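# Architecture at a glance
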Amino acid sequence: MAGSTFSVFGADTRIKGDVQAGADLHIDGGVEGDVTCTSLVQGESSLIEGAIRAESARLAGTVKGTITVRELVVLKTARIHGDVHYDALTIEQGAQVDGRFAPRAAGVDDTVVAING
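Worth saying up front: this structure is predicted, and the values here are computed from it rather than measured.

For the protein chain, the count of helices and strands is zero helices and 15 strands. Relative to its 117 residues, the protein chain shows a buried fraction of 38%. Restricting to contacts in the protein chain with at least 6 residues of sequence separation, those with at least 24 account for 11%. Put simply, the protein chain shows about 6200 Å² of open surface, and 48% of that area lies on carbon and sulfur atoms.

This is the structure we're talking about:
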């Protein structure tokens, strides 16, 4: 990509449908659908109901769905309900996860993000 871009969904925003972005996303609102992006930052009050696919994700809110990322940071305020597939993982004390953690298999889903805007 030529230049770094990002999009912000404010706390008052509710998206119904899949979100695909070749940019970095900061989601404070709600998404009912799958989220695919380069990098995801989720705010504490955010709710994502759907699968997340990203190169990196920093989660602080609630996720109800499968997460597939290369690098994942789960903050202490995060509440995850679903399985997590990762290459690198950091979890803060206090985070709640109801699901399974599994390293991503080599060669499986290596095209996590193939969106170039």
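Our focus in this paragraph is the sheet that holds strand β2 (residues 14-16). Across the sheet, six strands lie side by side as β2-β5-β7-β9-β11-β14; this open sheet has parallel pairing. The open sheet has two free edges, formed respectively by β2 and β14 (96-98), since each of these has just one partner strand. Adjacent strand axes in the sheet meet at a mean angle of 5°, parallel and antiparallel pairs treated alike. As defined by bridge partners, strand β9 (residues 62-64) adjoins strand β11 (residues 79-81) across three bridges and the pair is classed as parallel. Bridge pairing in β11 places Lys 64 opposite His 81.

Our focus in this paragraph is the side chain of Arg 104. Assignment of secondary structure puts Arg 104 in the segment after β15 (101-103). Within the local environment of Arg 104, its side chain forms a polar contact with the side chain of Asp 87, the two groups lying 3.2 Å apart.

Turning our attention to the packing of aromatic side chains. Evaluated as defined, the whole model comprises one aromatic pair. Measuring from centroid to centroid gives 6.4 Å for Tyr 86 and Phe 101, while their planes differ by 70°, and the two rings are edge-to-face. Placement of the pair is Tyr 86 in strand β12 (residues 84-86) and Phe 101 in strand β15, with a sequence separation of 15 residues.

The tally for this structure, following the rule as stated, stands at five salt bridges. For the salt bridge of Arg 14 with Glu 49, the shortest nitrogen-to-oxygen distance reads 3.1 Å. Here Glu 49 lies in strand β7 (residues 47-49) and Arg 14 lies in strand β2, a separation of 35 residues in the sequence. By relative accessible area, Arg 14 is classed as partly exposed at 45%. Glu 55 is the salt-bridge partner of Arg 70, the closest N and O atoms lying 2.6 Å from each other. With Arg 70 in strand β10 (residues 67-74) and Glu 55 in strand β8 (residues 52-59), this residue pair connects regions lying 15 residues apart in the sequence. Residue Arg 70 is classed as partly exposed on the basis of its relative accessible area of 27%. A single salt-bridge network, built from bridges that share partners, covers Arg 14, Glu 32 and Glu 49.

Definitions and cut-offs
- Position numbers for residues count from 1 along each chain, tracking the sequence in the order it is written.
- In keeping with the predicted nature of the model, local features appear solely for residues at pLDDT of at least 70, side-chain atom pairs appear and are counted solely at 80 or more, and the whole-chain, interface and lining totals rest on all residues.
- Each side-chain value is derived from all of the structure's non-hydrogen atoms; neither hydrogens nor water enter the calculation.
- Helix and strand definitions follow DSSP, with helices as H or I runs of at least four residues and strands as E runs of at least two, each counted in order from the N terminus.
- Here's how the labels work: a residue is buried when its accessible area is under 20% of the maximum for its type, exposed when over 50%, partly exposed in between, all with a 1.4 Å probe on protein chains only.
- Contacts are residue-level and defined by heavy atoms, with any inter-residue pair within 4.5 Å sufficient.
- In short, Shrake-Rupley with a 1.4 Å probe defines the accessible areas, and a residue's cover is counted only from the protein chains shown.
- In this analysis, strands are considered paired if DSSP registers two or more bridges between them.
- Axis lines are fitted through C-alpha atoms, for helices just across the contact stretch, and the angle between N-to-C directions can take any value from 0 to 180 degrees.
- Nitrogen and oxygen atoms within 3.5 Å of one another constitute a polar contact, given that in protein one can donate a hydrogen and the other can accept it, and given that sequence-neighbouring residues count only through two side-chain atoms.
- Between 30 and 60 degrees the pair is tilted, below 30 it is stacked and above 60 it is edge-to-face, where a pair is any two Phe, Tyr or Trp rings, Trp via its six-membered ring, whose centres lie within 6.5 Å.
- Whenever Lys or Arg places a side-chain nitrogen within 4 Å of a carboxyl oxygen from Asp or Glu, that contact is recorded as a salt bridge.

Everything listed here is a matter of geometry and, on its own, says nothing about what the molecule does.
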